[in-house]
Amino acid sequence: FKDMEQELRGYASQLESRVRERTQELEKRNVELELARQSLEKAQRAFEEELDMAKQVQDGLLPEVLPDLPGWKIHAEYMPTGKVGGDFFDVVQLDDDKIFVVMADVAGHGVPAALVTAMAKMAFLRFVRNGIELSVAEILRQVNAELYRAVRTDHYMTAFAGMLDLKTGKLRYCRACHPYPFLFRAGTENVERLVQRGGFFVGMFENATYAEEEIQLMHGDLLFLYTDGLHESMDAAGRQFGLQRLEASIQSSWIDGPAAAVHNALAQREGHAMGRAPNDDITVLALQRL
C-alpha cells in the first residue's frame, strides 16, 4: 500500500505539473488570441473607414440633383448591395435642348467594381461635353478604348447610353449588353423593348465598335432603364423577380409618372424577395415626355 501510495503521489504530482503547464499555455494562447482579436478589430475599423471614404467618392460620382427638364419628368434610384457598388448613372445636360443619359453596370460589386465605375464615369465625362459633337456610338468606342487600356481585370461593363433632343423627343441610343429598356407608349397598352444590341461589353475588346439606333418619344411616353440587379433579385426559394413581373409592375403604375413607376417596381421586387437584400446592385431611371 505504501508503494501504491507513493506511486499515486508521483502521478498526482506529474498531473499537477502538466495542469500547470497547460494552464500557462492556455493563458498564453488567450493573450495571443486577445491580441489577434484587437488587431482584427483595428484592421476592420480601418477597412470600414476606407469603405466610408470610397462611398463618399462614389456618391460624388452620382448626380446630386437630376436636371429640371421643361416638358419632361425624370426619376432615379440607386441601391448598392454594400457601401459601394458597380452601378452608375448620369444625366448630363449639354444645352437647353439636349441631354446625355447613361446607365452602366460593372461586373461584380464592392471596391474593385467601384474603382472601375469611377474610371468609366470620368471617361464618359471627358467625351460628353457641350460643344463636342460625337455620336453615341463614338462616345462608347472612346470609353471602351480607355477602359481596355486601364483595367487589367475582368471587370467588363454593360451600358445604355443615349442622346435625347428635348424639343423633338428623338433619342439616339446604344445598348451594349445592358438589360433592354422598356418603352411605354401613351394612349395604348403597347410596351416596346429596346432589344437592339449595339456592341459587346465595354472594356472587353480593344478595338470594339458600337452601333446606335434612333427612336421617337411622343408626348406621354415613358422610358424605363434599369440594371440586372432588379429583375434578378431572388426570393427564399431562389426564384428570380424576372422580366415579366418587372414589366407588369411598371405597366400598372407608369401612367402616374416616372416616380410612381420606379417606386412600384422596387416595392414589387421587395415583396417578391420577402425582405431579402438584393444579390446585386440596383439602379433604376425613368424618363417621361409630358
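Quick summary incoming for the structure in this document. Quick caveat, the model's predicted, so the values are computed rather than measured.

Moving on, we get to the environment of Val151. Following the sequence through the fold, Val151 ends up in the loop between helix H3 (136-150) and strand S4 (157-165). By relative accessible area, which is 14% here, Val151 ends up buried. Ignoring any residue separated from it by four or fewer positions in sequence, one finds Val151 in contact with Val116 and Met119.

Our next topic: empty space enclosed by the protein. A complete count under the given rule lists 1 cavity of 30 Å³ or more for this structure. Roughly 50 Å³ of internal volume is contained in the largest cavity. Sorting the residues of the lining of the largest cavity by element identifies S4, strand S9 (222-226) and strand S10 (282-289) as the ones contributing at least two each. With 3 residues, the top contributor of residues to the lining of the largest cavity is S4. Grouping the constituent residues of the lining of the largest cavity by class yields 8 nonpolar, 1 polar and no charged.

Time to look at the environment of Met157. Turning to its location among the elements, Met157 is positioned in strand S4. As a C-alpha pair, Met157 and Asn264 span 107 residues in sequence and 27 Å in three-dimensional space. If we ignore the near neighbours within four places in the chain, the residues touching Met157 are Phe88, Ala104, Asp105, Val106, Ala120, Phe124, Val143, Leu147, Ala176, Phe201 and Val202.

Right, let's talk about helix H5 (residues 242-251) for a bit. Count 3.6 residues to each turn of an α-helix, and residues three or four apart come out pointing the same way. All buried positions along H5 are accounted for by Gly242, Leu246, Ser249 and Ile250. Viewed end-on, H5 has its buried residues packed into an arc of 110°, placing them on one side of the element. Each element contacted by the buried residues of H5 is listed here: strand S6 (182-184), S9, helix H4 (228-231) and helix H6 (258-273).

With that settled, consider the sheet that holds strand S3 (residues 98-106). Spatially, the 5 strands line up as an open sheet ordered S2-S3-S4-S5-S8, and their pairing is antiparallel. Strand pairing shows two members of the sheet lacking a second neighbour, strand S2 (87-95) and strand S8 (213-216), which therefore form its edges. Here the average twist between neighbouring strands, direction ignored, is 20°. Across the face of the sheet, helix H2 (residues 111-127) comes into contact with S2, S3 and S4 while running at roughly 10° to S2. Along the sheet face, H3 touches S3, S4 and strand S5 (170-176) and points at about 150° away from the line of S4.

Our next topic: the packing of aromatic side chains. Under the criterion given, the structure shown has 9 aromatic pairs. Taking the centre distance of 5.5 Å and the plane angle of 20° together, the rings of Phe160 and Tyr173 count as stacked. Placement of the pair is Phe160 in strand S4 and Tyr173 in strand S5, with a sequence separation of 13 residues. A single burial state applies to Phe160 and to Tyr173, both of which are buried. With 6.2 Å between their ring centres and 80° between their planes, Tyr180 and Phe182 make a pair best called edge-to-face. Judged by relative accessible area, Tyr180 falls into the buried class, the value being 19%. A relative accessible area of 0% places Phe182 in the buried class. Members of the aromatic cluster, joined through ring pairs, are Tyr180, Phe182, Phe184, Phe224, Tyr226 and Trp254.

Criteria and cut-off values
- Residues numbered from 1 in each chain as written.
- Predicted model: local features only at pLDDT ≥ 70, side-chain atom pairs only at ≥ 80, totals over all residues.
- Heavy atoms only, no water.
- Helix = DSSP H or I, 4+ residues; strand = E, 2+ residues; numbered from the N terminus.
- Buried < 20%, exposed > 50% of the residue type's maximum accessible area, 1.4 Å probe, protein only.
- Contact = heavy atoms within 4.5 Å.
- 1 Å grid on protein atoms, 1.4 Å probe; cavity = no way out; pocket = protein on both sides within 12 Å on 5 of 7 lines; lining within 4 Å.
- Points joined across faces, edges and corners; volume = space filled by probe spheres on them.
- Nonpolar A, V, L, I, M, F, W, Y, C, P; charged D, E, K, R; others polar.
- Arc of directions from axis to C-beta.
- Pairing = 2+ DSSP bridges.
- Axes fitted to C-alpha atoms, helices over the stretch in contact; angles between N-to-C directions.
- Phe/Tyr/Trp six-rings, centres within 6.5 Å; stacked < 30°, edge-to-face > 60°.

In short, the description is geometric, and any link to function would need to be established separately.
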